[in-house]
Amino acid sequence: MKQLRPLIFTLLAPVVIAFTANVAAVMGQEKPLSEKMAATAMEIWQQKPGKWSYDHGVVQDGLDALWRRTGNADYFKYIQQRMDESISADGLIDTYQQDHFNIDNVKNGTVLLMLYEVTGQQKYFKAATTLWEQLQKQPRTKEGGFWHKKIYPNQMWLDGLYMGQPFYAEYAKLIRNKEACNDIANQFKYMEQHARDPKTGLLYHGWDESKTERWADPKTGLSPHVWGRAMGWYGMALVDVLDNFPVDHPQRQELLLILNRFAAAVKSVQDNKSGVWYDILDQPGRKGNYFESSASAMFVYALAKAVRMGYIPPAYFAVAAKGYKGMQKEFIEERAAGKVNLKGTVSVSGLGGKPYRDGSYDYYMKEKVITNDPKGVGAFLMAANEMEIAAMPKPGLGKTVRLDYYYNNEAKKDQTGNLKSWHYKWEERGNNGFSMFEEVFKNAGFKTGWLNHAPTVGNLQGTSVYIIVDPDTKKENPNPGFIGEKDIQELSSWVKKGGVLILMANDTGNVELDHFNQLAKVFGIQFDKNSKGRVVKNQFEMGKVTVPAGNGIFKTAKDLYIKEYSSLSIEPGVRSVLKDKDGDHVIATKKYGKGNVFVIGDPWLYNEYVDGRKLPAEYENFKAAQDLVNWIGKNSTVDNIL
């Protein structure tokens, strides 16, 4: 299945192009539909919800996805402000009661972990730990499935998989608890084993192990119907859990098989004419049944993301595209300039409780259908984001970019006391990380990875792009891997064969330049061992570098922020890409054999100066990252599928 990933958007390019054109035609939009929906969400939910609630966490997850794709920090700031209204300085969650053992209350842990990883603030980790502790104590069925709530004994609901498992997997990865993975996988297996209809592949809303609930079938323990949003929660849970589930874990394959069965079932009940899905999936066309927007958005999101990640066959993208087009016709209406509404979301549907919900068809049809419900809006934000990613240019298709973890191999203790690699790493979401840069690569179709050994032509085979950032000094690493003569020979040979080598240094004193310069010298470039662009406090203009018109790499970004960098000296034949106000070279490139080399005297594209949280909006480093990635894609000739 993984072998299909590089071909996905190539094979489906006509579908993507047609879908994008239809979106524009239907909406006449001046900005992406996701951003219009986000503007509505941030307008109507400006204040703290009355209590700790999962539904607004779904909106925040959607806004997080938009922030990572666009670099617009307004989304992040909104998320943090809303969450801070519920989290005290010492990590207590307002209105949350652990002894209720309501698995819905665990869902917002994904937002807490994002805020912790981005800001490093311990209050978010402490709050997330409280939710982790709930899962450790959560009542279970005899075989180990989480009860949905303490007040619903012996019951597993499809909803609960989304509420608990993505957070469970992410927290487990953060604290390196591999034992939790079996438990996570089992939750999906239990639910499928008990709730799946073998004829249709659809999963019923709930299952009562005791078979004593009034809504439960006395033989199977199942609720009477297949509720669309419950299936949607289940699908989103699967694709989001896989983000943090170890690729080498023996149960990962079982999760992929479950996801593929889910996708087939969802496809089979898509309304052929409208492209969307009914509220009650096992009663299509029955009197009173209606097209429901939150379930439709969840299916679009789950299918589109699963295709992008290579989890399911590429043909499912057409199902997602048809669903997304249908959603715009059935559920989207203009609200105001730059804003839209999402209609057609059922406010709530459950089982049991007071007043009692018997799971009958008549019950589901009586629940209120509203406009701009947070569960629907959040799911739609995620769906729209996925479809807009699909429509982006893909110059990196079939290509792999690797980041050096050998020359830059700093380590520090994490929150559990274990040593972890840090400083300009893909997985870092904090200021010093490259997570946003990695997102840009992925959205352009690249596969990303790293190399924690000295590079050779052999271990770079199939790698299109190799990035070396800020090689360690002895102060940073007691046993640094200095660039040696053999490394230089291997790297230059690899570039000659068609690789793109990105060299990103730092200002003198903060990087090991003597050995790095020996490598750069092969390509006619030297780091000047100085420190330019020094900025006093927040006088950002001191670090401003303007891109001249007609620049061959930076075609959309104009004003860049490059702070404390080493300028470059270049030999004839090296192309100067960007100069500072003093006329010194800031960025240079060199064609070398079939390959290319890109050199800058600063790490530059790390999160602090790309994610929008710190810099004024006039600085376009995020656009510059996109421009650079597009240039890399067009100038790399090594294809990892050959």
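As the structure is a prediction and not an experimental result, all values here were calculated from the model. (Residues numbered from 1 in each chain as written. Predicted model: local features only at pLDDT ≥ 70, side-chain atom pairs only at ≥ 80, totals over all residues. Heavy atoms only, no water.)

1. Considerations on the environment of Pro355
Item 1. Mapped onto the elements of the fold, Pro355 is located in the loop between strand E5 (345–346) and helix H14 (361–366).
Item 2. By relative accessible area, Pro355 is classed as exposed at 73%. (Helix = DSSP H or I, 4+ residues; strand = E, 2+ residues; numbered from the N terminus. Buried < 20%, exposed > 50% of the residue type's maximum accessible area, 1.4 Å probe, protein only.)

2. A look at the side chain of Glu367
Item 1. The residue Glu367 is located in the loop between H14 and strand E6 (369–370) in this model.
Item 2. For the buried Glu367, no salt bridge exists, and the shortest N-O distance to an oppositely charged side chain is 5.2 Å, to Arg357.
Item 3. There is a polar contact of 2.6 Å between the side chain of Glu367 and the side chain of Tyr363.
Item 4. In contact with Glu367, not counting residues within four places along its chain, are Val346, Val348, Ser349 and Arg357. (Lys, Arg positive; Asp, Glu negative; His and termini not counted. Salt bridge = Lys/Arg side-chain N within 4 Å of Asp/Glu carboxyl O. Polar contact = N/O pair within 3.5 Å; in protein donor to acceptor, adjacent residues only side chain to side chain. Contact = heavy atoms within 4.5 Å.)

3. A look at the packing of helix H4 (residues 54–70) against helix H5 (residues 73–84)
Item 1. Look at H4 against H5: their axes get within 8 Å of each other, and the N-to-C directions meet at 150°. Classified by the angle between their axes, H4 and H5 sit roughly antiparallel to one another. In the crossing of H4 with H5, the sense of the turn from one axis to the other is left-handed. In this structure, H4 uses Gln60, Leu63, Asp64, Leu66, Trp67 and Thr70 to contact H5, whose residues at the interface are Ala73, Tyr75, Phe76, Tyr78, Ile79, Arg82 and Met83.
Item 2. For the contact of H4 with H5, the per-class residue count stands at 9 nonpolar, 2 polar and 2 charged. (Axes fitted to C-alpha atoms, helices over the stretch in contact; angles between N-to-C directions. Parallel < 35°, antiparallel > 145°, perpendicular 65-115°, else oblique. Left-handed = near helix turned anticlockwise from the far one by under 90°. Nonpolar A, V, L, I, M, F, W, Y, C, P; charged D, E, K, R; others polar.)

4. Let's talk about the packing of aromatic side chains
Item 1. Under the definition given, this model contains 37 aromatic pairs.
Item 2. Both rings, one in Trp132 and one in Tyr168, keep their centres 5.5 Å apart while their planes meet at 65°; by these two values the pair is edge-to-face. One end of the pair, Trp132, is in helix H7 (residues 122–137); the other, Tyr168, is in helix H8 (residues 158–174), and 36 residues separate them in sequence.
Item 3. According to the relative accessible area criterion, Trp132 is buried, its value standing at 10%.
Item 4. On the numbers, 4.9 Å between centres and 85° between planes, the contact of Phe523 with Tyr592 is edge-to-face. Of this pair, Phe523 sits in the loop between helix H18 (513–521) and strand E13 (525–527) while Tyr592 sits in strand E18 (residues 585–592), and the two are 69 residues apart along the sequence. Across this residue pair, the class does not change: Phe523 and Tyr592 are buried.
Item 5. An aromatic cluster is defined as three or more aromatic residues linked by ring pairs; in this entry it consists of Tyr424, Trp426, Phe434, Phe437, Phe441, Phe446, Phe540, Tyr561, Tyr606, Tyr609 and Tyr619.
Item 6. Here Lys425 stacks its cationic end above the ring of Tyr405, 5.1 Å away from the centre of that ring.
Item 7. Directly above the ring of Phe76 sits Arg613, whose terminal nitrogen or CZ lies 5.2 Å from the centroid. (Phe/Tyr/Trp six-rings, centres within 6.5 Å; stacked < 30°, edge-to-face > 60°. Lys NZ or Arg CZ within 6 Å of the ring centre and 35° of its normal.)

5. A few points about helix H16 (residues 435–443)
Item 1. Taking burial as the measure, the 9 residues of H16 include 7 buried ones, the bulk of the element.
Item 2. Among all positions of H16, only Ser435, Met436, Phe437, Glu438, Val440, Phe441 and Asn443 are buried.
Item 3. Once H16 ends, the next one or two residues include Gly445, with phi positive near 100°.

Taken by themselves, the reported measurements are silent on function.
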